[in-house]
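# Structural overview
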Amino acid sequence: MKLIKLSLVTAAVMASTAAMAAEPAYQYSSDAGIIRNTTGAFVGTTKTIFNTLTNPASVSAEVGTLGYGANVGFSVNEKVELQAGWAGGDVADLFGGDFDANDVEYDVDSDFSNPYLGVQVRPAGNWFTMGGGIIVPDNDLDVTANSKNGEYKIDGVSYDAGDVGTLKGSLDHRNKLAPYVTIGFRPNITNNFGVFGEIGAAYLGKTDATVRASNPDNIVDINDSFQDVTAADVARFAERELEDEDYIEWLPIVKLGATYRF
């Protein structure tokens, strides 16, 4: 995934350099707030396609629930723009840094990596946009259970936290490709600079959980009576409860950013 990030950044730099060195292929429309493609039809000749791909219409920086990142936009016509970008980093604090799975509260640490390909459409030819595309998520989500009153309550049963020890684990979403949709606004402030905001959602799919107890072989006190249940069993019960919770099966997308147009 680091290679994907590096490739995107390298592509953005090369595309930006080529765009500044070449004769501008786009014309700004202050009325519509869009970029007009002056190279002709997008599909026509190999030269036209090459010019489009090596002369991006824009580069943007963004921050939001997918993380912080950047994208490069390529204008197909005055209403449609293709985008390639990446967003990631530690975004757990954007969700409050914790969540509840029934009676257990978990602290969350995250390391997101979300390369994406998408399209932005201005259906009315103005600042209003509709977007969609595909994210290739590689998001690390580590969780730590917090005991309450010295107990973990899982599926209605209380287990002594001192016997179990610390419960730690990770969450992985099953979707390797996550479709997303957004709506937003992209007004231009000057001929070159603009801002944008988007809201929407990405479908990450069901969750696979892995939980481990720090005292896996300990026999655990259940409601003040000893039974043949180990801390490793309690960790498995916690796994099932986490998977039933489907943590951020639908990832909300909220992002803000700034754009430079060539």
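Structure shown above.
Residues numbered from 1 in each chain as written. Predicted model: local features only at pLDDT ≥ 70, side-chain atom pairs only at ≥ 80, totals over all residues. Heavy atoms only, no water.

### Quick notes on the pattern of salt bridges
For side chains of opposite charge, pairing can occur when their charged atoms come near one another. Tallying each qualifying case throughout the model produces five salt bridges. Across the pair Asp208 and Arg174 runs a salt bridge whose closest N-O atoms are separated by 2.9 Å. Of this pair, Asp208 sits in strand 15 (residues 207-213) while Arg174 sits in the loop between strand 12 (167-173) and strand 13 (178-185), placing them 34 residues apart in sequence. (Salt bridge = Lys/Arg side-chain N within 4 Å of Asp/Glu carboxyl O. Helix = DSSP H or I, 4+ residues; strand = E, 2+ residues; numbered from the N terminus.)

### Description of the packing of aromatic side chains
Inspection of the entire model under this criterion finds seven aromatic pairs. Here Tyr68 and Trp86 contribute two aromatic rings whose centre-to-centre distance is 6.1 Å and whose plane-to-plane angle is 80 degrees, an arrangement assigned as edge-to-face. On the criterion of sequence distance, the pair formed by Tyr68 in strand 4 (residues 67-75) and Trp86 in strand 5 (residues 80-89) is long-range, its members being 18 residues apart. Using a relative accessible area of 51% as the deciding quantity, one classes Tyr68 as exposed. (Phe/Tyr/Trp six-rings, centres within 6.5 Å; stacked < 30°, edge-to-face > 60°. Buried < 20%, exposed > 50% of the residue type's maximum accessible area, 1.4 Å probe, protein only.)

### Observations regarding empty space enclosed by the protein
For the structure shown, the criterion picks out two cavities of 30 Å³ or more. Estimates place the volume of the second largest cavity at around 40 Å³. Elements with a minimum of two residues in the lining of the second largest cavity: strand 14 (193-203) and strand 18 (250-261). Along the lines of polarity and charge, the residues of the lining of the second largest cavity split into two nonpolar, three polar and three charged. (1 Å grid on protein atoms, 1.4 Å probe; cavity = no way out; pocket = protein on both sides within 12 Å on 5 of 7 lines; lining within 4 Å. Points joined across faces, edges and corners; volume = space filled by probe spheres on them. Nonpolar A, V, L, I, M, F, W, Y, C, P; charged D, E, K, R; others polar.)

### Considerations on a nonpolar patch on the surface
Together, Val63, Tyr68, Trp127, Phe185, Ile189, Val195 and Leu256 give the surface a local cluster of nonpolar side chains, amounting to about 730 Å² of exposed area. Residue placement: Leu256 occurs in strand 18. (Patch = residues over 30% accessible without salt bridge, like charges linked within 9 Å, V, L, I, M, F, W, Y side chains within 5 Å. Areas by Shrake-Rupley, 256 points an atom, 1.4 Å probe, with all protein chains shown as cover.)

### Focus: unusual backbone geometry
Although it is not a glycine, Asn149 adopts a positive phi angle of roughly 55 degrees. Positive phi is not limited to glycine here, since Asp155 has a value of about 55 degrees. By the secondary structure assignment, Asp155 is in the loop between strand 10 (151-154) and strand 11 (157-160).

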